[in-house]
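Residues per chain are reported as follows:
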Amino acid sequence: MSVLHHFDCTNELHTVRDWLRFTVSAFNEAKLSFGHGSASAYDEAAYLILHTLHLPLDTLNPFLDARLIAEEKNALLALLKQRVDKRIPVAYLTHEAWLGDFRFYVDERVIVPRSFIAELIREQFAPWIAETKIVTGVLDLCTGSGCLAILAAHAFPDAVVDAVDISPAALEVAQRNVADYGLEDRINIIKSDLFSNLTGKQYDVIISNPPYVDAPSMAALPPEYRHEPQLALGSGADGLNATREILEHAADHLNPNGLLVVEIGHNRPALEAAYPNLPFIWLEVSAGDEFVFMLRREDLICSNLNLI
């Protein structure tokens with residue numbers, strides 16, 4: 001029996017508690033994949049219900065026994081059907097994604113924000129950057145929704161940030177988010193295939209969450225991830241095509257003592273094997289020290305970048 005069959009019985013659901021239990025069961029029965037802002041069926045169900053009912057996202061318990069009116073039930077049911085039937089990530093249904101306390105508009109023109117680099121920006125890359133005021137130029141390469149560029153603008157208030165992407169559609173979303181935060185005078189939206197349109201530009205910090213999914217993983221992606229722009233996910237057979245390009249040209253766009261920070265997913269072993277002479281510094285994030293590397297400009301200049 002299809003999970004959707006159960007939605008014919010939702011007239012028996014009255015309270016937030018009823019809808020929460022039903023939604024968790026439906027998500028689990030449908031074997032949905034998570035990872036676009038929620039880690040489990042429960043977390044995603046709670047978020048979707050609270051968002052739809054316009055309730056505080058961090059306050060569930062006081063409302064568990066509150067009854068829904070018919071209009072609220074219909075709105076929630078419509079979203080649940082799309083999530084289960086079409087496997088659409090919940091962020092695309094609500095048109096919002098969160099990184100810490102920052103909310104961003106998202107739709108299917110951009111991948112759902114989830115970069116570990118956000119954690120490092122919140123810490124202002126300490127201890128690698130001693131004073132925030134020395135950072136006057138930041139590049140967010142492959143900006144997508146513009147989320148990391150916006151976080152960087154807040155973390156480094158003296159910096160001008162260039163938010164770069166190859167996709168004009170993604171840049172439309174980035175521009176909307178930049179406007180939402182009133183940062184049009186500090187964040188420049190630039191269409192560029194990585195560094196191709198950045199001739200002569202240099203920065204104190206370059207951050208990038210580029211495409212890094214390898215070909216086998218792309219072929220095995222759950223349906224939820226296939227709603228995202230594939231251009232923003234896949235990067236060749238080993239997932240390193242974009243990263244190679246970044247490593248080759250980053251030094252030309254970094255000021256003396258500048259930092260390059262790149263997220264590469266599960267590709268650390270492949271990257272270290274390909275570039276044995278590069279002294280990668282693997283930064284600690286919530287998931288460990290396997291996912292984000294840092295290099296100084298001087299490391300890139302002094303090292304032999306040739307593949308072994």
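Just so it is clear, the structure is predicted and the values come from calculations on it, not from any experiment. (Residues numbered from 1 in each chain as written. Predicted model: local features only at pLDDT ≥ 70, side-chain atom pairs only at ≥ 80, totals over all residues. Heavy atoms only, no water.)

> I would appreciate a short explanation of the overall build of the chain in the present structure.
The helix and strand inventory of the chain stands at eleven helices and nine strands. For 308 residues, the compact-globule estimate of 2.2 N^0.38 gives 19 Å, and the chain sits close to it at 21 Å. Principal-axis analysis of the C-alpha atoms places the extent of the chain at approximately 70 × 40 × 35 Å. Every one of the 308 residues in the chain was classed for burial, and the buried ones make up 53%. Within the chain, contacts between residues separated by at least 24 positions form 67% of all contacts whose residues are at least 6 apart in sequence. In the form shown here, the chain has an accessible surface area of approximately 14000 Å², with 52% of it arising from carbon and sulfur atoms. In the chain, 23 positive and 42 negative side-chain charges are present, and the distance between their average locations comes to 5 Å. (Helix = DSSP H or I, 4+ residues; strand = E, 2+ residues; numbered from the N terminus. Rg over C-alpha atoms; globule rule 2.2 N^0.38 Å. Buried < 20%, exposed > 50% of the residue type's maximum accessible area, 1.4 Å probe, protein only. Contact = heavy atoms within 4.5 Å. Areas by Shrake-Rupley, 256 points an atom, 1.4 Å probe, with all protein chains shown as cover. Lys, Arg positive; Asp, Glu negative; His and termini not counted. Charge placed at Lys NZ, Arg CZ, Asp CG, Glu CD.)

> Please explain the pattern of salt bridges as it appears in this structure.
Side chains that differ in charge, positive against negative, can pair when their charged atoms come close. Applying the stated rule across the entire model yields 16 salt bridges. The closest approach of N and O atoms between R17 and D65, which form a salt bridge, is 3.1 Å. Here D65 lies in the loop between α2 (41-52) and α3 (70-85) and R17 lies in helix α1 (residues 16-29), a separation of 48 residues in the sequence. Looking at R17, the relative accessible area reads 41%, which means it is partly exposed. (Salt bridge = Lys/Arg side-chain N within 4 Å of Asp/Glu carboxyl O.)

> For this particular structure, what's the right way to read the sheet that holds strand β6 (residues 203-208)?
Consider a sheet: its strands pair through backbone hydrogen bonds, and that pairing is either parallel or antiparallel. If you walk across this open sheet you meet the seven strands as β5-β4-β3-β6-β7-β9-β8, and the pairing is mixed. Each edge of the sheet is formed by a strand with only one pairing partner; in this case those strands are β5 (187-191) and β8 (281-282). The pairing of strand β3 (residues 137-141) with β6 spans four bridges and is parallel. Each bridged residue has a counterpart across the sheet, and for L141 the counterpart in β6 is S208. (Pairing = 2+ DSSP bridges.)

> What am I meant to see in the nonpolar core here?
Grouped burial of nonpolar side chains is what soluble globular proteins tend to show. Of all hydrophobic cores here, the largest spans 40 residues; its most connected members are W19, L20 and F27. Of all the secondary structure elements, the ones that give two or more residues to this core are α1, α2, α3, α4 (90-94) and α7 (168-180). With near-sequence residues (within four places) excluded, W19 lies in contact with T10, L13, H14, I49, L68, K73, L76, L77 and L80. (Core = buried A, V, L, I, M, F, W, Y, C linked by side-chain atoms within 4.5 Å.)

> How should I be thinking about the pairing of β3 in this particular structure?
Consecutive side chains along a regular strand alternate between the two faces of the sheet. The buried fraction of β3 amounts to five of the five residues, a majority that puts the element mostly inside the structure. Residues G137, L139 and L141 point to one face of β3 and V138 and D140 to the other, with burial holding for every one of them. Alignment of β3 against strand β4 (residues 160-165), held across five bridges, turns out to be parallel. Along β4, the bridge assignment pairs G137 with V160. Remark: the β3/helix α6 (residues 147-155)/β4 crossover connection has right-handed handedness. (Right-handed = clockwise from strand over helix to strand, strands pointing away.)

> I would appreciate a short explanation of the environment of S235 in the present structure.
Turning to its location among the elements, S235 is positioned in the loop between α8 (215-219) and α9 (241-249). For S235 and A215, which are 20 residues apart along the polypeptide, the C-alpha to C-alpha distance reads 7.6 Å. Each residue touching S235, except ones within four places of it in the same chain, is listed here: P211, Y212, V213, L240, N241 and A242. Within polar-contact distance, the side chain of S235 engages the backbone nitrogen of A242 at 2.8 Å. (Polar contact = N/O pair within 3.5 Å; in protein donor to acceptor, adjacent residues only side chain to side chain.)

Shape is all these values report; function is a separate question.
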